[in-house]
Amino acid sequence: MIRIIDQFLQELKINGAAEKTITDYSKFLKNINRRKSLEKWDKTDVHRYIMEKHNECLIGTVEIYKIKLKRFFTWAGKSEIVSHLNT
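Residues numbered from 1 in each chain as written. Predicted model: local features only at pLDDT ≥ 70, side-chain atom pairs only at ≥ 80, totals over all residues. Heavy atoms only, no water.

J.: In this structure, what is going on with the packing of helix α3 (residues 43–56) against helix α4 (residues 59–75)? I would like to understand it.
T.: Helix-helix packing: each pair is described by the crossing angle between the helix axes and the interaxial distance. Contact pair α3 / α4: the axes reach a minimum separation of 9 Å and the direction vectors enclose 160 degrees. Relative to α4, α3 is oriented roughly antiparallel. Pair α3 / α4 crosses with right-handed handedness. Each of Val46, Tyr49, Ile50, Lys53 and His54 in α3 lies in contact with α4, whose residues at this interface are Ile59, Val62, Tyr65, Lys66 and Leu69. Of the residues assigned to the contact of α3 with α4, the class counts are seven nonpolar, one polar and two charged. (Axes fitted to C-alpha atoms, helices over the stretch in contact; angles between N-to-C directions. Helix = DSSP H or I, 4+ residues; strand = E, 2+ residues; numbered from the N terminus. Parallel < 35°, antiparallel > 145°, perpendicular 65-115°, else oblique. Left-handed = near helix turned anticlockwise from the far one by under 90°. Contact = heavy atoms within 4.5 Å. Nonpolar A, V, L, I, M, F, W, Y, C, P; charged D, E, K, R; others polar.)

The following block contains the structure:
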């Protein structure tokens, strides 16, 4: 799955994303990939992650995580697992 993360990061760069944005996505995606391979994530995993972060982080931070999840999984062709997220 690291390969798909790298492909996503490359596409961000090609589309003009700032280096900080690319670094933030890299850290975020590699971190959540350690929990469970992103290829195996489903809607339940997304819910579990968001609820866990609600207990640990500020609301604004949780919203950023939701945006990152939605952007990545939509790009990866798995929009059905994040389409319910309001971002």
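J.: Is there a simple way to think about the packing of aromatic side chains in this case?
T.: Aromatic ring pairs are described here by two measures, namely the spacing of the ring centres and the angle between the planes. Enumeration over the complete set of coordinates arrives at 10 aromatic pairs. Here the aromatic rings of Phe28 and Tyr49 are separated by 6.1 Å at their centres, their planes lie at 70 degrees, and the arrangement is edge-to-face. Of the two residues, Phe28 is situated in helix α2 (residues 19–35) and Tyr49 in helix α3; the sequence distance between them amounts to 21 residues. Of the residues examined, Phe28 reaches a relative accessible area of 5% and is grouped as buried. (Phe/Tyr/Trp six-rings, centres within 6.5 Å; stacked < 30°, edge-to-face > 60°. Buried < 20%, exposed > 50% of the residue type's maximum accessible area, 1.4 Å probe, protein only.)

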